[in-house]
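These are the residues of each chain, in order.
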Amino acid sequence: KAGVTQTPRYLIKTRGQQVTLSCSPISGHRSVSWYQQTPGQGLQFLFEYFSETQRNKGNFPGRFSGRQFSNSRSEMNVSTLELGDSALYLCASSLGDPTNEKLFFGSGTQLSVL
Amino acid sequence: QKEVEQDPGPLSVPEGAIVSLNCTYSNSAFQYFMWYRQYSRKGPELLMYTYSSGNKEDGRFTAQVDKSSKYISLFIRDSQPSDSATYLCATSRYTGGFKTIFGAGTRLFVKA
């Protein structure tokens, strides 16, 4: 069974640009969550999507947005990039079942903003 | 105050030692308690998953949850150099969707 796939693996952007990250969940998983990981703040929750609907959102500015497609694949977009957006962005998929919150993570996209 | 507090370490132990990793959390509504292991340049992988209070054992790993004191523990017996990684505790509850909150992670080094 294929795991969670995130593309691209590495990205280098400059301030003010925008970026789109992609995540393909495990087959059969309908929930996709996104996290930002930095050495100083650790893993911080961005948002969760289930069946194309955003169910939960973290405390990030509106420059961070996402969406989910009918095949459960998800994209995350960051507009007007800032230096502080440099981080490892992790996607995790799960069944989304209320009684089972086991997250399966991809290897992440390492974003560097110059 | 962070919702989940975890000592970032690093923690260095000799091979074969028993390792104890701990976290505290603030919200008594949390229902699910997890431990994830993360190797360098990889995403976290689920190690242990517990619903509510109690102990759970899986091989050399034991997870404990004490909801009365809001305390989460992970014990690793007979630690191996391959256990060297960052260990993240996490808690979650369902409120029409999930929002899993992670601790800062503890870096563990097991010396051969």
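Each remark here, short or long, concerns the structure printed above.
The structure contained in this document is the topic of the report that follows. (Residues numbered from 1 in each chain as written. Chains lettered and ligands numbered in written order. Predicted model: local features only at pLDDT ≥ 70, side-chain atom pairs only at ≥ 80, totals over all residues. Heavy atoms only, no water.)

**A look at the overall build of chain B**
Scanning chain B from terminus to terminus reveals 0 helices and 11 strands. Start at the N end of chain B and walk to the C end: the helices and strands fall as β-β-β-β-β-β-β-β-β-β-β. The globule rule puts the C-alpha radius of gyration for 112 residues at 13 Å, and the 14 Å found for chain B is close to it. Along the longest, intermediate and shortest principal axes, the C-alpha atoms of chain B span 45 × 30 × 25 Å. Counting the 112 residues in chain B, one finds 45% classified as buried. For chain B, the accessible area works out to roughly 5300 Å², and carbon and sulfur atoms hold 47% of it. Across chain B, the 13 positively charged side chains and the 10 negatively charged ones have centroids separated by 6 Å. (Helix = DSSP H or I, 4+ residues; strand = E, 2+ residues; numbered from the N terminus. Rg over C-alpha atoms; globule rule 2.2 N^0.38 Å. Buried < 20%, exposed > 50% of the residue type's maximum accessible area, 1.4 Å probe, protein only. Areas by Shrake-Rupley, 256 points an atom, 1.4 Å probe, with all protein chains shown as cover. Lys, Arg positive; Asp, Glu negative; His and termini not counted. Charge placed at Lys NZ, Arg CZ, Asp CG, Glu CD.)

**Brief notes about the sheet that holds strand E3 (residues 19–24) of chain A**
All names here are of chain A. Pairing is antiparallel in the open sheet, where 4 strands are placed in the order E1-E3-E8-E7. What marks the edges here is a single partner per strand, and that holds for strand E1 (5–7) and strand E7 (64–68). When the angles between neighbouring strand axes are averaged without regard to direction, this sheet yields 20 degrees. Direction of pairing for E3 relative to strand E8 (residues 74–78): antiparallel, over a ladder of 5 bridges. Counterpart to Ser 22 in the pairing with E8 is Glu 75. (Pairing = 2+ DSSP bridges. Axes fitted to C-alpha atoms, helices over the stretch in contact; angles between N-to-C directions.)

**With respect to the pairing of E7(A)**
All names here are of chain A. Sheet analysis places E7 next to E8, joined by 5 bridges and oriented antiparallel. Directly across from Ser 65, in E8, lies its bridge partner Asn 77. Hairpin connection, E7 to E8: the antiparallel pair is bridged by 5 residues, and Ser 72 has positive phi, about 75 degrees.

**Re the packing of aromatic side chains**
Two aromatic rings are characterised by how far apart their centres lie and by the angle between their planes. Within the structure shown, the criterion is met by 14 aromatic pairs over all chains. Centre to centre, the rings of Phe105(A) and Tyr36(B) are 5.7 Å apart; their planes meet at 90 degrees, and the pair counts as edge-to-face. On the criterion of chain membership, the pair formed by Phe105(A) in strand E10 (residues 104–105) and Tyr36(B) in strand E4 (residues 32–38) is interchain, its members lying in two chains. Judged by its relative accessible area of 11%, Phe105(A) falls in the buried class. (Phe/Tyr/Trp six-rings, centres within 6.5 Å; stacked < 30°, edge-to-face > 60°.)

**A word on the interface of chain A and chain B**
Taken residue by residue, the interface counts 22 residues in chain A and 20 residues in chain B. Contact between chain A and chain B buries roughly 1900 Å² in total, counting both sides, with carbon and sulfur atoms accounting for 53%. On the chain A side of the interface with chain B, the three residues burying the most area are Leu43(A), Pro98(A) and Glu101(A), jointly 29% of the side's total. The interface formed by chain A and chain B includes 0 salt bridges. There are 10 residue pairs in polar contact (both at pLDDT 80 or more) connecting chain A and chain B. Its residues placed into classes, the side of chain A that touches chain B shows 9 nonpolar, 6 polar and 7 charged. (Contact = heavy atoms within 4.5 Å. Buried area = accessible area lost by both parts, 1.4 Å probe. Salt bridge = Lys/Arg side-chain N within 4 Å of Asp/Glu carboxyl O. Polar contact = N/O pair within 3.5 Å; in protein donor to acceptor, adjacent residues only side chain to side chain. Nonpolar A, V, L, I, M, F, W, Y, C, P; charged D, E, K, R; others polar.)

**Details of the pattern of salt bridges**
Throughout the structure, instances matching the rule amount to 8 salt bridges over all chains. Residues Glu82(A) and Arg63(A) are paired through a salt bridge, measuring 3.6 Å at the closest nitrogen-oxygen approach. With Glu82(A) in the loop between E8 and strand E9 (87–94) and Arg63(A) in the loop between strand E6 (53–57) and E7, this residue pair connects regions lying 19 residues apart in the sequence. Assessed through its relative accessible area of 43%, Glu82(A) is described here as partly exposed. On the basis of relative accessible area, Arg63(A) is assigned to the buried category, the value being 16%. Notably, a salt bridge pairs Arg77(B) with Glu57(B), separated by 3.5 Å at the nearest N-O pair. You can see Arg77(B) sitting in the loop between strand E8 (71–76) and strand E9 (85–92) and its partner Glu57(B) sitting in strand E6 (residues 54–58), a full 20 residues away along the chain.

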